[in-house]
Amino acid sequence: MTSKASSIWGGRFQGGPSAVMEKINVSIGFDQRLYAQDIAASKAHCAMLARQGIITATDAQSIQGGLDAVLKEIESGRFEFKNDYEDIHMNVETRLTELIGPAAGRLHTARSRNDQVATDFKLWVRDAIDKLLVQIAAFRTVLLARAQDHAETVMPGFTHLQTAQPVTFGHHLMAYVEMLTRDAGRFADARKRLNECPLGSAALAGTSFPLDRQFTAKELSFDRPTANSLDAVSDRDFALEFLAAGAILAVHMSRLAEELVLWTTPQFGFVRLSDAFSTGSSIMPQKRNPDAAELSRAKAGRVIGDLTTLLIVMKGLPLAYSKDMQDDKEPVFEAADTLELVLAAMAGMVADMTVNKERMKAAAGAGFATATDLADWLVQHLNMPFRQAHHVTGRIVKLAEEKGCGLDALALADMQAVEAGITQDVFGVLTVERSVESRTSFGGTAPANVRKAVQAAKEAK
């Protein structure tokens, strides 16, 4: 007895698939997310078929009306997705047939599920990119506002997680603005490359019907139709690029999340997250856990894993389409959902966190953070070669360490015992405020630079 599933494939099969085959083959559980894109592509294809005289205007009108009815059913929650029909394409087409009768069978003229799914998936990824670009811009705005507020807030800059030189908190936040700007650029570039329409490539070789692929591409806001039918149905570069850009974005979010985790510890005490983004302990009443930051950090692993998954799925596939490619959607869907959630969480945490300026400033002055400023002063005022200045500064740092004081608290006589040419003027560069004010080179941490960078970033939108 022929099953419903086998009826999709026509007369070639007499027996139905096994229960296991049905389970491994079905994709409607996840690809139903493509419903809006599938119906939009079908409507464009139908309009083109009528325009080219391949189907009648009457049939086209009936198909268009039926597709609109299916869309309304899905959006209202009244549509029943059925495993018997495998995927979103056949679920829509089957329901269309129930609504308008045999005319529905003309919709699939001159197309295959291969070019159909490639088109739907590109449309979905394009929409996902547009949503993420909005979220990235929103988070960027949050960072810019906080950076402007803290253009003069001094904090320690680190290398190797050791105190290196004083920087401003505004400058530190602007580093993430730069990362997000590049992230947005990567997504925008990926969007440009994916914006070619596969529809009309059919199964793999094109079709003998007189299609107008330029028309369908324009109807769906693609820049052009794809140039090679084999490539069109087997290309998933666009999904890989989306995941690659997403993985880099997730890594950037994870790095900031890690800093928030560190900064909220009592050992740092630089920031305090609001109650909205903190949790408590079931046993330790004093605890404030930065769980939103920790989970954002963890979710980078999921997005990286999604990229790896699809790379491995695609790596051994000969042209053209293989059913392996049905597994392309779940990692993309998961990554998009994860990135939306992480961006929302990170923007929320940064927007309402409380900054402890005093604690930051105190930490910035620890660890002889202005040692480089001393070395630079020796070069600029005593015409000393930098390598020699580095050596002299190292000796002075050791002396301050032995005396248990900072460089700015060391007596002038002590410094002159190491280098006789040092004058009282040196103390003008040994405070953390003077240190950051002096870093005026382009891209440096000086407050004036930060304000200019914030303004430039706002204007660059």
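Numbering of residues starts from 1 in each chain and follows the order in which that chain's sequence is written. Totals for whole chains, interfaces and linings use every residue, but because this is a predicted model, local features are given only for residues with pLDDT of at least 70 and side-chain atom pairs only at 80 or more, for both listing and counting. Side-chain measures here rest on the full set of heavy atoms in the structure, leaving out hydrogens and waters.

## Focus on the overall build of the protein chain
For the record, the criterion: In DSSP terms, a helix is any run of H or I states spanning at least four residues, a strand is any run of E spanning at least two, and both are numbered starting from the N terminus. Note on contacts: a residue pair qualifies if any of its non-hydrogen atoms lie within 4.5 Å across the two residues. Here the Shrake-Rupley method, with its probe set to 1.4 Å, supplies the accessible areas, and only the displayed protein chains count as covering residues. Only four residue types enter the charge count, namely Lys and Arg as positive and Asp and Glu as negative; His and the chain termini do not. Charged side chains are reduced to one point each, which is NZ for Lys, CZ for Arg, CG for Asp and CD for Glu.
A tally of regular secondary structure across the protein chain gives 19 helices and 6 strands. By its C-alpha atoms, the protein chain is 100 × 55 × 35 Å across when sized along the principal axes. Taking the contacts inside the protein chain whose residues are at least 6 apart along the sequence as the reference set, 73% of them involve residues at least 24 apart. Entry remark: accessible area of the protein chain is about 22000 Å², with carbon and sulfur atoms responsible for 53%. In the protein chain, the 50 positive side-chain charges and the 56 negative ones have mean positions that sit 1 Å from each other.

## Describing a nonpolar patch on the surface
For clarity, the cut-off: Excluding any residue in a salt bridge, patches collect residues exceeding 30% relative accessible area, merging like charges within 9 Å and nonpolar Val, Leu, Ile, Met, Phe, Trp and Tyr side chains within 5 Å. Any carboxyl oxygen of Asp or Glu that lies within 4 Å of a side-chain nitrogen of Lys or Arg is treated as forming a salt bridge with it. Burial status follows relative accessibility: with a 1.4 Å probe on protein chains alone, a residue under 20% of its type maximum counts as buried, one over 50% as exposed, and anything between as partly exposed.
On the surface, a nonpolar cluster with roughly 270 Å² of combined accessible area is contributed by L204, L230 and L319. If you trace the backbone, L319 turns up in the loop between α12 (291-314) and α13 (329-352). The exposure class assigned to L319 is exposed, which follows from its relative accessible area of 63%.

## Focus on the environment of K323
Note that K323 resides in the loop between α12 and α13. Along the chain, K323 and S435 lie 112 residues apart, while their C-alpha atoms are 61 Å from each other. Here K323 is in contact with N25 and E86, once residues within four sequence places are set aside.

## Some thoughts on the environment of H108
Within the fold, H108 resides in the loop between α6 (88-100) and α7 (113-149). For the pair formed by H108 and T372, sequence separation is 264 residues and the distance between their alpha carbons is 71 Å. Contacts of H108, omitting those with residues within four sequence positions, involve E93, R113 and Q116.

## Some details on α6
Where we set the bar: Expected span, for any helix, means 1.5 Å times one less than how many residues it has. We call two N or O atoms a polar contact when they sit within 3.5 Å, provided that within protein one can donate a hydrogen and the other can accept it, with sequence-adjacent residues counted only if both atoms are side-chain atoms.
The end-to-end C-alpha separation of α6 is 18 Å, in line with the 18 Å expected for 13 residues at 1.5 Å each. Residues of α6 that are buried: I88, H89, M90, N91, V92, E93, T94 and L96. Residues of α6 that are buried sit in contact with α3 (28-31), α4 (35-51), α5 (57-76) and α7. Where α6 begins, the side chain of D87 points an oxygen toward the backbone nitrogen of H89, at a separation of 3.1 Å. Taken from the residues just after α6, G101 is the one with a positive phi, measuring 85°.

## Let's talk about the pairing of strand β2 (residues 162-168)
For clarity, the threshold we go by: Pairing between two strands is assigned when DSSP locates at least 2 bridges connecting them.
Summarising the sheet, strand β1 (residues 154-159) and β2 pair through 6 bridges and their orientation is antiparallel. Residue pairing across strands places F158 opposite T163, the latter belonging to β2. In this structure, the hairpin formed by β1 and β2 is closed by a connection of 2 residues, where H160 is found at a positive phi of approximately 60°.

## Notes on unusual backbone geometry
In this structure, A320 follows L319 across a cis peptide bond, with omega equal to 10°. The phi angle at L161 is positive, at roughly 60°, despite the residue not being glycine. Summarising the element assignment, L161 is placed in the loop between β1 and β2. Its identity is not glycine, yet A202 carries a phi of approximately 60°, on the positive side. Positionally, A202 belongs in the loop between β3 (196-197) and α9 (213-219). Of the residues examined, A202 reaches a relative accessible area of 10% and is grouped as buried.

## Quick word on the packing of helix α8 (residues 169-194) against helix α19 (residues 447-460)
The line we're drawing: With axes taken as lines fitted to C-alpha atoms, and helix axes fitted only over the stretch in contact, angles between N-to-C directions fall between 0 and 180 degrees. Oblique is the label for any angle not covered by the other classes, which are roughly parallel (under 35 degrees), roughly antiparallel (over 145) and roughly perpendicular (65 to 115). Helix crossings get a hand from a simple test, with the near helix turned counterclockwise from the far one by less than a right angle marking a left-handed crossing and a clockwise turn marking a right-handed one. Each residue gets one of three labels, nonpolar for Ala, Val, Leu, Ile, Met, Phe, Trp, Tyr, Cys and Pro, charged for Asp, Glu, Lys and Arg, and polar for the others, Gly among them.
The geometry of α8 relative to α19 is characterised by a closest axis approach of 10 Å and an angle of 30° between their N-to-C directions. In terms of orientation, α8 and α19 fall into the roughly parallel class. In this structure, the crossing between α8 and α19 has a hand that is left-handed. Side by side, α8 and α19 meet where G170, H171, M174 and V177 of the first sit next to V450, A453, V454 and A457 of the second. The residue inventory of the contact of α8 with α19, partitioned by class, reads 6 nonpolar, 2 polar and no charged.

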